[in-house]
Amino acid sequence: MSELLRTVDLAKDYLLPDGETLHVFSGLNFSMNRGEIVAVMGASGSGKTTFLNLLGALDRPTSGAVILEGEDLAMKNAVSLARIRNAKIGFVFQAFHLLPEFTAGENVALPLLMSGLGRAEATRRGIEVLREVGLENKAGCRPAQLSGGEMQRIAIARALINGPAVLLADEPTGNLDWKTGEAVLRLLLDLHEKRGLASVLVTHNEKVSALCGKTYILERGALERLG
Ligand SMILES: Nc1ncnc2c1ncn2[C@@H]1O[C@H](COP(=O)(O)OP(=O)(O)O)[C@@H](O)[C@H]1O
Ligand SMILES: [Mg+2]
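As the structure is a computational prediction, the values presented were derived from the model and not from experiment. (Residues numbered from 1 in each chain as written. Chains lettered and ligands numbered in written order. Predicted model: local features only at pLDDT ≥ 70, side-chain atom pairs only at ≥ 80, totals over all residues. Heavy atoms only, no water.)

This part is about the nonpolar core. One finds Val 108, Leu 130, Val 133, Ile 154, Ile 156, Leu 167 and Leu 201 to be the most contacted residues of the largest nonpolar core, which totals 38 residues. Going through the elements one at a time, strand S3 (37-41), helix H3 (104-114), helix H4 (119-132), helix H5 (148-160), strand S7 (166-170) and helix H6 (178-195) are the ones with two or more residues in this core. It is H5 that provides the largest number of residues to this core, a total of seven residues. When sequence neighbours within four positions are dropped, the list of residues in contact with Leu 167 reads Gly 90, Val 92, Ala 159, Leu 160, Leu 188, Leu 197, Ala 198, Ser 199 and Val 200. Membership of the second largest hydrophobic core comes to 31 residues, among which are Leu 10, Val 38, Val 40 and Ala 57. (Core = buried A, V, L, I, M, F, W, Y, C linked by side-chain atoms within 4.5 Å. Buried < 20%, exposed > 50% of the residue type's maximum accessible area, 1.4 Å probe, protein only. Helix = DSSP H or I, 4+ residues; strand = E, 2+ residues; numbered from the N terminus. Contact = heavy atoms within 4.5 Å.)

Spelled out as structure tokens, the structure:
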């Protein structure tokens, strides 16, 4: 296994509207290899989403570095970061974040269209990935016509359509009942294996973290390996 993603002394502060500075965390040193799956746990407000957003280049650190495939993301401009996110990182969110005006098939194909592929080819590949998540028969449905579990499977298909190296999932089963959540989790684990991803799952659920190779806890501004 080769190292894929690393953080070096990662720190994030937010400037609050009242002028105060919130120190979310500092000194986070984290690394993961291809094929690894890790869980990140921690109380609400401990900085899990902030951490994931930094790993996925959705946000920039206050100090420290995120290194993806040997490249320091801080050195990249916004256009390069968007390209890196599109090609190398798949995001799955608790609330699915599907575009309501688009069909499931269009939602899934969107990252391909954004990377410049033609509509016919994007649609064809969208159907292929929908088949992987067992929903090719729902390609023409809008999100409002789908169940929560189906919406999350569509969101997973969208996250994977560009063949990313890294999958970042922020409480992916948090809006689902246990049975549906378990099925979504099993799908994530299967796709993780099949595609040899490096996956980070933020979760509150110890049953979920137990299925991951490693668990980290974010607490009082520090990241600690559990067990
Ligand atoms: N854009 C932001 N501006 C200011 N404060 C923020 C912002 N995003 C998150 N925070 C604060 O940072 C802390 C960590 O938030 P978050 O990363 O969302 O935690 P978690 O995902 O663990 O619940 C919280 O106190 C939250 O209120
Ligand atoms: Mg969060």
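With that out of the way, let us pick up the packing of H5 against H6. Geometry of a packed helix pair, given as the angle between the helix axes and the separation of the axes. Taken N-terminus to C-terminus, the directions of H5 and H6 make an angle of 15°; their axes are 10 Å apart at the nearest point. As summarised for this structure, H5 and H6 are arranged roughly parallel, according to the angle between their axes. In the packing of H5 onto H6, the handedness of the crossing is right-handed. Listed contacts from H6 to Gly 149, Gln 152, Arg 153, Ile 156 and Leu 160 of H5 are Thr 180, Val 184, Leu 187, Leu 188, Leu 191 and Arg 195. In terms of residue class, the contact of H5 with H6 is built from six nonpolar, three polar and two charged. (Axes fitted to C-alpha atoms, helices over the stretch in contact; angles between N-to-C directions. Parallel < 35°, antiparallel > 145°, perpendicular 65-115°, else oblique. Left-handed = near helix turned anticlockwise from the far one by under 90°. Nonpolar A, V, L, I, M, F, W, Y, C, P; charged D, E, K, R; others polar.)

The pairing of strands in a sheet comes from backbone hydrogen bonds and takes either a parallel or an antiparallel form. Spatially, S2-S1-S4-S5 is the arrangement adopted by the four strands of the open sheet, whose pairing is antiparallel. On the outer flanks of this sheet lie strand S2 (21-33) and strand S5 (71-72), each paired with one strand and no other. Pairing analysis gives two bridges linking strand S4 (residues 63-68) to S5, with the strands arranged antiparallel. Bridging from a neighbouring strand, Ile 67 pairs with Asp 72 of S5. In the packing of helix H1 (residues 48-55) onto the sheet, the strands contacted are strand S1 (3-15), S2 and S4, and the crossing angle to S1 comes to about 125°. (Pairing = 2+ DSSP bridges.)

This part is about the site of ligand 1. Taken together, Tyr 14, Leu 16, Leu 22, Val 24, Ala 43, Ser 44, Gly 45, Ser 46, Gly 47, Lys 48, Thr 49 and Thr 50 make up the full set of residues near ligand 1. Within the contact set of ligand 1, an oxygen atom lies 2.7 Å away from a backbone nitrogen or oxygen of Gly 45. Lys 48 has a polar side-chain atom sitting 2.7 Å from an oxygen atom of ligand 1. Surface burial for ligand 1 is 61%, taken as the share of its 560 Å² of free accessible area covered by protein chains. Only S2 and H1 provide two or more residues apiece to the shell around ligand 1. Of all the elements, H1 adds the most residues to the shell around ligand 1, at three residues. Looking at the shell around ligand 1 residue by residue, the class counts come to five nonpolar, six polar and one charged. (Near = heavy atom within 4 Å. Polar contact = N/O pair within 3.5 Å; in protein donor to acceptor, adjacent residues only side chain to side chain. Areas by Shrake-Rupley, 256 points an atom, 1.4 Å probe, with all protein chains shown as cover.)

Summarising burial for S7: five of the five residues are buried, a large majority. Burial of S7 is two-sided: the residues Val 166, Leu 168 and Asp 170 facing one way and the residues Leu 167 and Ala 169 facing the other way are all buried. Alignment of strand S6 (residues 89-92) against S7, held across four bridges, turns out to be parallel. In the strand pairing of S7, Val 92 is matched with Ala 169. Where S7 lies against strand S8 (residues 198-202), five bridges are found, and the strand directions are parallel. Bridge pairing in S8 links Leu 167 to Ser 199. Following the backbone out of S7, through H6 and into the adjacent parallel S8, one traces a crossover that is right-handed. (Right-handed = clockwise from strand over helix to strand, strands pointing away.)

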